Amino acid sequence: GQQVMQIPQYQHVQEGEDFTTYCNSSTTLSNIQWYKQRPGGHPVFLIQLVKSGEVKKQKRLTFQFGEAKKNSSLHITATQTTDVGTYFCAGWGNTPLVFGKGTRLSVIA
Amino acid sequence: DAGVTQSPTHLIKTRGQQVTLRCSPKSGHDTVSWYQQALGQGPQFIFQYYEEEERQRGNFPDRFSGHQFPNYSSELNVNALLLGDSALYLCASSLVGEPQHFGDGTRLSIL
């Protein structure tokens, strides 16, 4: 079945450093979504990418969808302590929404 | 405007028992999806309900069943509980094709 893999599993950064998480699917996706889950919280929708090669920005966050629609990335510029949490990608392909295992981001002040 | 509400917040059961979890969708939403999130893992799709019917189902056994009511609220039932069913169960609501809004979840512990 469809698999969605995320790397790295954990990332520790100093406040102000940049952060990137990568998402790869075993199959072509119709769209990809990104969520953030704070410790003890629930996933919160961040963005959805649909088009091949699409790039979207939300303040310090930049999301990309690969040309082949099989990979995606989330880049955070100048991390802040409020960015702490686990970032999940989730893809729609030939199966219902499949989540990656997430990248847990820690920010050291 | 209330978001997605789930009850109960925590539940402890023993192996072999049955459990029912409840979800009220965000106002205006007609689609409800259920997910299982084990510790340190991403949410896994269980099934989705729309117009009181199961529209899609993930790779979960028949012990997992659900229902959607005319007011769009939903229940998740799990029979013959196993230790491996211990997890956070998340409900998400949406309009078809729109982003999902998650509830805070029900944390189910099986002893």
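Reading the values: the criteria
Residues numbered from 1 in each chain as written. Chains lettered and ligands numbered in written order. Predicted model: local features only at pLDDT ≥ 70, side-chain atom pairs only at ≥ 80, totals over all residues. Heavy atoms only, no water. Helix = DSSP H or I, 4+ residues; strand = E, 2+ residues; numbered from the N terminus. Rg over C-alpha atoms; globule rule 2.2 N^0.38 Å. Contact = heavy atoms within 4.5 Å. Areas by Shrake-Rupley, 256 points an atom, 1.4 Å probe, with all protein chains shown as cover. Lys, Arg positive; Asp, Glu negative; His and termini not counted. Charge placed at Lys NZ, Arg CZ, Asp CG, Glu CD. Core = buried A, V, L, I, M, F, W, Y, C linked by side-chain atoms within 4.5 Å. Buried < 20%, exposed > 50% of the residue type's maximum accessible area, 1.4 Å probe, protein only. Buried area = accessible area lost by both parts, 1.4 Å probe. Salt bridge = Lys/Arg side-chain N within 4 Å of Asp/Glu carboxyl O. Polar contact = N/O pair within 3.5 Å; in protein donor to acceptor, adjacent residues only side chain to side chain. Nonpolar A, V, L, I, M, F, W, Y, C, P; charged D, E, K, R; others polar. Pairing = 2+ DSSP bridges. Axes fitted to C-alpha atoms, helices over the stretch in contact; angles between N-to-C directions. Phe/Tyr/Trp six-rings, centres within 6.5 Å; stacked < 30°, edge-to-face > 60°.

Our focus in this paragraph is the overall build of chain B. For chain B, the helix and strand inventory stands at zero helices and 11 strands. Starting at the N terminus, the α and β elements of chain B follow one another as β-β-β-β-β-β-β-β-β-β-β. Its C-alpha radius of gyration of 13 Å places chain B within 12% of the 13 Å reference for a compact globule of 111 residues. Overall, chain B is about 40 × 25 × 25 Å in size when its C-alpha atoms are taken along their principal axes. Restricting to contacts in chain B with at least 6 residues of sequence separation, those with at least 24 account for 52%. For chain B, the exposed surface amounts to about 5,500 Å²; the carbon and sulfur share of it is 48%. The distance from the centre of the 8 positive side-chain charges to the centre of the 11 negative ones in chain B is 11 Å.

One broad trend across soluble globular proteins is that nonpolar side chains are buried collectively. Within the largest apolar cluster, 20 residues are counted, with the highest numbers of intra-cluster contacts made by I32, W34, F63, L74, I76, Y87 and L105 of chain A. When sequence neighbours within four positions are dropped, the list of residues in contact with I76 of chain A reads E17, D18, F19, R60, L61, D83, Y87 and L105 of chain A.

At the junction of the two partners, chain B supplies 16 residues and chain A supplies 13 residues. Both sides together, the interface formed by chain B and chain A hides about 1,300 Å², and carbon and sulfur atoms give 58% of it. By the criterion of area lost to chain A, the three top residues of chain B are P43, Q100 and F102 of chain B, representing 33% of everything that side buries. At the junction of chain B with chain A, the criterion picks out zero salt bridges. At the boundary of chain B with chain A, the tally comes to four residue pairs in polar contact (both at pLDDT 80 or more). Breaking the side of chain B that touches chain A down by element, the ones donating at least two residues are β4 (31-37), β6 (53-57) and β9 (87-94) of chain B. By residue class, the composition of the side of chain B that touches chain A is seven nonpolar, seven polar and two charged.

Attention shifts here to the environment of S52 of chain A. All names here are of chain A. Following the sequence through the fold, S52 ends up in the loop between β5 (44-49) and β6 (55-58). Taking the C-alpha atoms as reference, S52 lies 13 Å from S73; in sequence the two are 21 residues apart. Each residue touching S52, except ones within four places of it in the same chain, is listed here: F65, G66, E67, A68 and K69.

Residues and elements named next belong to chain B. If you trace the four strands from one edge of the open sheet to the other, you get β1-β3-β8-β7, paired in antiparallel fashion. With one partner strand each, in any of the chains shown, β1 (5-7) and β7 (64-68) form the two edges of the open sheet. Averaged over all pairs of adjacent strands, the angle between their axes in this sheet comes to 20°, without regard to strand direction.

So, on to the side chain of T103 of chain A. Inspection of the secondary structure puts T103 of chain A in strand β11 (residues 103-108). Aside from chain neighbours lying at most four places away, what touches T103 of chain A is Q6, I7, P8, Q9, Q11, F19, T21, G85, T86 and Y87 of chain A.

The next point concerns the sheet that holds strand β3 (residues 19-25) of chain A. All names here are of chain A. Read across the open sheet, the five strands follow the order β1-β3-β8-β7-β6; overall the sheet is antiparallel. Across the chains shown, the open sheet's two edge strands, defined by having one partner strand only, are β1 (4-7) and β6. Direction aside, neighbouring strands of the sheet carry axes that sit 15° apart on average. Direction of pairing for β6 relative to strand β7 (residues 61-65): antiparallel, over a ladder of four bridges. Within β7, the position partnered with V55 by the bridge is Q64.

A few words now on the packing of aromatic side chains. Across all of its chains, the model carries 12 aromatic pairs over all chains by this definition. Ring centres 5.6 Å apart and planes at 85° place the aromatic pair F99 of chain A and Y35 of chain B in the edge-to-face group. Here F99 of chain A, found in strand β10 (residues 98-99), pairs with Y35 of chain B, found in strand β4, and the two come from separate chains.

Attention now moves to the pattern of salt bridges. Under the definition given, this model contains six salt bridges over all chains. Between D83 of chain A and R60 of chain A there is a salt bridge; the shortest N-O distance is 2.9 Å. Linking D83 of chain A in the loop between β8 (71-76) and β9 (85-92) with R60 of chain A in the loop between β6 and β7, this pair joins segments that are 23 residues apart in sequence. When its relative accessible area of 5% is taken as the criterion, D83 of chain A is described as buried. Its relative accessible area of 23% is what places R60 of chain A among the partly exposed residues. Note that R55 of chain B and E51 of chain B form a salt bridge whose closest N and O atoms lie 3.3 Å from each other.

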